[in-house]
Amino acid sequence: MSTADTPKRSMRTPLGRVRNLGAAHSGTSDFWRQRLTAVAMTLLMIPVLVIIMMLLGRNQAGAKQILGSLPVAIIMLLFIVASAWHMKIGMQVVIEDYVHNEKLKLISIMLNNFFAAAVALASIYAILQLSSGV
């Protein structure tokens, strides 16, 4: 058996080798962040659905009154942030898996980040405008 065929011997434990986190040095953080945002959205789904049901049949003044409430604004802001973050991570995983051209992958990930930020900021701005009464 040649030296090229023998596995490298190391004094490190299997856990120590795993903690290197691979070439990306990010490990499973995106996996856990996506699960965290999914749980957050699941917990917020009932209050958001109640808010939407309260808005049904209301005119603009009634909708502004409901959405201007501080607890409603906080629930909507939390849901928006969790949804935008979840969307960004999910699309990034798809891009990383299916876009093979490195330049196109980099551009796509950057556009995905900008799009998620734009959606989140526009939604947050709208909720803050409604809740501040301006």
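Fair warning: this is a prediction, and the values are worked out from it, not measured in the lab.

**Student:** Help me out: how do you make sense of helix α3 (residues 60-67) in this one?
**Tutor:** In an α-helix, one turn spans 3.6 residues, which is why side chains three or four residues apart end up on the same side. When α3 is considered as a whole, its buried residues turn out to be Gly62, Ile66 and Leu67. The buried residues of α3 occupy one face: seen down the axis, they fall within an arc of 125 degrees. Opposite its buried face, α3 presents the exposed residues Gln60, Ala61 and Gln65, each directed more than 90 degrees away. Buried residues along α3 sit against α2 (29-55), α4 (70-98) and α5 (102-132).

**Student:** I keep staring at the nonpolar core and nothing clicks. Help me out?
**Tutor:** When a protein is soluble and globular, its nonpolar side chains tend to lie buried together. Judged by nonpolar contacts, Met41, Leu44, Val48, Ile51, Leu67, Val72, Ala73, Met76, Phe79, Ile80, Ala82 and Ile127 together constitute the single largest core of twelve residues. Elements represented by at least two residues in this core include exactly α2 and α4. Element by element, the count of residues in this core is highest for α4, at six residues. Beyond its immediate stretch of four places on either side in the chain, Val72 contacts Ile51, Ile66 and Leu67.

**Student:** Help me out: how do you make sense of the pattern of salt bridges in this one?
**Tutor:** Oppositely charged side chains are able to pair whenever their charged atoms sit close together. Applying the stated criterion across every chain, the model contains two salt bridges. Across the salt bridge formed by Arg33 and Asp30, the nearest N and O atoms sit 3.6 Å from each other. Of this pair, Arg33 and Asp30 both sit in helix α2, three residues apart, which is roughly one turn of the helix. The exposure class of Arg33 is partly exposed, given its relative accessible area of 37%.

**Student:** Explain the packing of aromatic side chains to me, please; I cannot follow it from the model alone.
**Tutor:** Two measures describe an aromatic ring pair: the distance that separates the ring centres and the angle between the ring planes. Evaluation of the coordinates by the stated rule reveals one aromatic pair. Relative to Trp32, the ring of Phe31 has its centre 5.2 Å away and its plane inclined at 85 degrees; by these criteria the two rings are edge-to-face.

**Student:** Please clarify how the packing of α2 against α4 should be interpreted in this entry.
**Tutor:** Each pair of packed helices can be described by the angle between their axes along with the distance between the axes. In the contact formed by α2 and α4, the axes pass within 8 Å of each other and the chain directions differ by 145 degrees. Viewed along their axes, α2 and α4 form a crossing whose handedness is left-handed. Note on element contacts: α4 touches α2 through Val72, Ile75, Met76, Leu78, Phe79, Ala82, Ser83, Trp85, His86, Ile89, Gly90 and Gln92, opposite Asp30, Arg33, Gln34, Thr37, Ala38, Ala40, Met41, Leu44, Met45, Pro47, Val48 and Ile51. When the residues that make up the contact of α2 with α4 are grouped by side-chain class, the tally is 16 nonpolar, six polar and two charged.

What counts as what
Residues numbered from 1 in each chain as written. Predicted model: local features only at pLDDT ≥ 70, side-chain atom pairs only at ≥ 80, totals over all residues. Heavy atoms only, no water. Buried < 20%, exposed > 50% of the residue type's maximum accessible area, 1.4 Å probe, protein only. Helix = DSSP H or I, 4+ residues; strand = E, 2+ residues; numbered from the N terminus. Arc of directions from axis to C-beta. Contact = heavy atoms within 4.5 Å. Core = buried A, V, L, I, M, F, W, Y, C linked by side-chain atoms within 4.5 Å. Salt bridge = Lys/Arg side-chain N within 4 Å of Asp/Glu carboxyl O. Phe/Tyr/Trp six-rings, centres within 6.5 Å; stacked < 30°, edge-to-face > 60°. Axes fitted to C-alpha atoms, helices over the stretch in contact; angles between N-to-C directions. Left-handed = near helix turned anticlockwise from the far one by under 90°. Nonpolar A, V, L, I, M, F, W, Y, C, P; charged D, E, K, R; others polar.

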